[in-house]
Structure formats: structure tokens, C-alpha cells
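Below are the chains, spelled out letter by letter.
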Amino acid sequence: MYERKIPVDLDCPLRLTMSLMDSKWKSCILDELRHGPLRPSELHRALPEATPRVLDLQLRELTDDGLVRKTIYPELPPRSEYTITDLGRSLLPIIDAMIAWGEANRGLFEKRMQPR
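Residues numbered from 1 in each chain as written. Predicted model: local features only at pLDDT ≥ 70, side-chain atom pairs only at ≥ 80, totals over all residues. Heavy atoms only, no water.

Enquirer: Would you explain the overall build of the chain in this entry?
Expert: Within the chain, the secondary structure is distributed over six helices and two strands. For the chain, the N- to C-terminal ordering of α and β elements is α-α-α-α-β-β-α-α. Seen along its three principal axes, the alpha-carbon backbone of the chain occupies a region of about 50 × 40 × 25 Å. Taken across its 116 residues, the chain has 28% of its residues classed as buried. Intrachain contacts of the chain at a sequence separation of at least 6 include 51% that bridge at least 24 residues. (Helix = DSSP H or I, 4+ residues; strand = E, 2+ residues; numbered from the N terminus. Buried < 20%, exposed > 50% of the residue type's maximum accessible area, 1.4 Å probe, protein only. Contact = heavy atoms within 4.5 Å.)

Below, the structure written as C-alpha cells:
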């Protein structure tokens, strides 16, 4: 498990929230899980730009933080799936606000962020 070099400032609610969503893919994972449980392979297909290793690490961190629940089914071959928890669901309004902001301001950044 990754250990932070600098501890999270629990006195600052913004830093606490950012520490839970601070990676490139965590918000996207939570957004995908809002629609229902997904198996790891389904998440990999939904987010093909993310490497499997990075997604797996971030899923583990989300699980450790209590934002996502992993269920492993006792069958052969083993099957697992991820679901968003109530705590993770409480972050969806923030993600929705980020999506709305991105949609409203996309035109301002399209030219600058276009691949060359």
C-alpha cells in the first residue's frame, strides 16, 4: 500500500477531500460505478486510457478509503466486482459539478489542449 510522504492536513476540509480524489482516475472510477457494480475488466474497458496497474492501485486505495467496496465471489475461477459505497456516493455531487464545469468551459481549452 502506498504511504503518503506528507500527511493529509485533516484541519483543512478541502485538502482532505482532494486527498481522496487526487489521482487522475479516481473520480472517473466513482463516476462509472454510480450506475452499478462493475468487474475489474469492465472498468478497464470503460477507462482504456488508464493502465491496468494504475486502475488496480487506485481501486485498492478507493477501497481502503471506504469509497468503494470489493466483493469476491467464492467460485472457480474467482470473480470480483466493485460497488460504490454510500460514502463514495456522497462525492458524486462534486463529480457532477466538475463534469458541468468541464462541459461549460470546454471551448476555452479545446485549442490549447488539442494534440499536435
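That covers the picture; the talk isn't over yet.
Enquirer: Before we go on, may I ask you to explain helix α4 (residues 52-64) in this structure?
Expert: Three or four residues apart is the spacing at which side chains of an α-helix point the same way, because the helix has 3.6 residues per turn. Counted at 1.5 Å a residue, the expected span for α4 with its 13 residues is 18 Å, and the 18 Å between its end C-alpha atoms agrees. Leu55, Gln58, Leu59, Glu61 and Leu62 are the residues of α4 that are buried. The buried residues of α4 occupy an angular sector of 160° when the element is viewed end-on, so they sit on one face. In this structure, the buried side of α4 is in contact with α1 (13-20), α2 (26-33), α3 (40-46), β1 (68-73) and β2 (79-84). Phi turns positive one or two residues past the end of α4, at glycine 66, with a value near 85°. (Expected span 1.5 Å × (residues − 1). Arc of directions from axis to C-beta.)

Enquirer: What's the story with unusual backbone geometry in this structure? I'm lost.
Expert: Phi is mostly negative for residues that are not glycine, and the peptide bonds are mostly trans. The step from leucine 76 to proline 77 runs through a cis peptide bond, and the omega angle for that step is -5°. Structurally, proline 77 is set in the loop between β1 and β2.

Enquirer: Could you clarify how one ought to interpret the nonpolar core in this entry?
Expert: Generally speaking, soluble globular proteins have nonpolar side chains that are buried together. Of all hydrophobic cores here, the largest spans 19 residues; its most connected members are Ile29, Leu30 and Leu33. Breaking this core down by element, the ones donating at least two residues are α2, α4, β2 and α6 (92-113). The residues touching isoleucine 29, leaving out its near neighbours within four places in the chain, are Leu47, Leu55, Gln58, Leu59 and Leu62. (Core = buried A, V, L, I, M, F, W, Y, C linked by side-chain atoms within 4.5 Å.)

Enquirer: Please explain the environment of glycine 66 as it appears in this structure.
Expert: Along the polypeptide, glycine 66 turns up in the loop between α4 and β1. On a C-alpha basis, the gap between glycine 66 and leucine 20 in space is 9.9 Å, while along the polypeptide they are 46 residues apart. Not counting residues up to four positions away in its chain, the partners in contact with glycine 66 are Thr85 and Leu87.

Enquirer: Would you mind going over the pattern of salt bridges with me for this structure?
Expert: The final tally for this structure, using the stated rule, is six salt bridges. Two residues, aspartate 31 and arginine 34, come together in a salt bridge whose shortest N-O distance is 2.9 Å. Of the residues examined, aspartate 31 reaches a relative accessible area of 22% and is grouped as partly exposed. Among the residues examined, arginine 34 registers a relative accessible area of 22% and is labelled partly exposed. A salt bridge links arginine 79 to glutamate 75; the nearest nitrogen and oxygen atoms lie 2.9 Å apart. One continuous salt-bridge network, built from bridges that share partners, spans Asp22, Lys26 and Glu61. (Salt bridge = Lys/Arg side-chain N within 4 Å of Asp/Glu carboxyl O.)

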